[in-house]
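# Structural characterization, general
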Amino acid sequence: AQSVTQLDSQVPVFEEAPVELRCNYSSSVSVYLFWYVQYPNQGLQLLLKYLSGSTLVKGINGFEAEFNKSQTSFHLRKPSVHISDTAEYFCAVSVRRGFKTIFGAGTRLFVKA
Amino acid sequence: GAVVSQHPSRVICKSGTSVKIECRSLDFQATTMFWYRQFPKQSLMLMATSNEGSKATYEQGVEKDKFLINHASLTLSTLTVTSAHPEDSSFYICSALPIGSYEQYFGPGTRLTVT
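Now for a look at the structure at hand. Source: prediction; values computed, not measured.

### Examining the side chain of T82 of chain B
All names here are of chain B. With respect to the helices and strands, the residue T82 is situated in the loop between β8 (76–81) and β9 (90–98). At 3.2 Å, the side chain of T82 and the backbone oxygen of D65 are in polar contact. Not counting residues within four places of it along the chain, the set of residues in contact with T82 comprises T17, S18, D65, K66 and L68.

Here's what the structure looks like:
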């Protein structure tokens, strides 16, 4: 079975500062990895995904993530955050196309002025 | 981009009644749709996987007779909460997987409140 651990439940950061949201996963087989963002009372929006190939993945809104197989991690980073980045961020894993996706508990990013 | 809609966005019902939530893929076909439940300040919990033309696959602990799922076409899946109780109050989110894609698209969610 697969599992996802988001190490920080909340991350406060000042505007224009860099941020890293941590995600570790557990799986005995190869996985697909995703980061989603959720704004209050809304569905999820895909930020980026890793399927194969380059381990550094760039997504929307200036976010990027690096897949590290040896450390089973997929941390999300942004060099300079904005107030509008305040939201809930979910890391997720899936083992193959069409199969169910397992979500982490989420990290609340709070950007302060 | 691919759009998924949910209807209604918000519903309040009385205890003991049934509520139907619709999930539609507006500009693509999806043989697979997923239904999730999200409690306040918590992650998404997968309830079931809905496959067009076949029975849904429910996750452990989810009552299939209480949460009825129908995936009658390649663009529509419905979740019916039968005999709703206050503990069923939650945010229900669906997602749809376009045919041949690795990426699922999420609906905006439905806030169910049972009084």
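### Digging into the state of the cysteines
Residues and elements named next belong to chain B. Going through the model one piece at a time under the given rule, you end up with two disulfides over all chains. Disulfide partner of C23: C94, at an S-S distance of 2.0 Å. Looking along the S-S bond of the C23-C94 disulfide, the torsion reads about 80°, which is the right-handed sense. Placement of the pair is C23 in strand β3 (residues 19–25) and C94 in strand β9, with a sequence separation of 71 residues. Considered together, C23 and C94 belong to a single accessibility category, that of buried residues.

### Section: the nonpolar core
All names here are of chain A. Ranked by internal contacts, the top residues of the largest apolar core, which has 29 residues, are L33, W35, L47, L48, F74, L76 and Y89. Top element by residues in this core is strand β10 (residues 87–94). It accounts for four residues. Here L33 is in contact with Y25, L48, K49, Y50, F67, F74, A92 and V93, once residues within four sequence places are set aside.

### Description of the layout of surface pockets
By volume, the largest pocket is sized at about 450 Å³. Considering the residues around the largest pocket, the lining is formed by 18 residues, among which Q38 and E88 of chain A together with P40, K41 and Q42 of chain B are closest to the centre. Classifying every residue of the lining of the largest pocket by side-chain character gives seven nonpolar, seven polar and four charged.

### With respect to the pairing of strand β2 (residues 10–14) of chain A
Residues and elements named next belong to chain A. Every second residue of β2 is oriented toward a common face, the buried set being V11 and V13 and the non-buried set Q10, P12 and F14. Sheet topology note: the β2/strand β12 (residues 107–112) ladder contains five bridges and is parallel. In the sheet register, V13 faces β12, and the bridge partner there is V111.

Criteria and thresholds
- Residues numbered from 1 in each chain as written.
- Chains lettered and ligands numbered in written order.
- Predicted model: local features only at pLDDT ≥ 70, side-chain atom pairs only at ≥ 80, totals over all residues.
- Heavy atoms only, no water.
- Helix = DSSP H or I, 4+ residues; strand = E, 2+ residues; numbered from the N terminus.
- Polar contact = N/O pair within 3.5 Å; in protein donor to acceptor, adjacent residues only side chain to side chain.
- Contact = heavy atoms within 4.5 Å.
- Disulfide = S-S within 2.5 Å.
- Buried < 20%, exposed > 50% of the residue type's maximum accessible area, 1.4 Å probe, protein only.
- Core = buried A, V, L, I, M, F, W, Y, C linked by side-chain atoms within 4.5 Å.
- 1 Å grid on protein atoms, 1.4 Å probe; cavity = no way out; pocket = protein on both sides within 12 Å on 5 of 7 lines; lining within 4 Å.
- Points joined across faces, edges and corners; volume = space filled by probe spheres on them.
- Nonpolar A, V, L, I, M, F, W, Y, C, P; charged D, E, K, R; others polar.
- Pairing = 2+ DSSP bridges.

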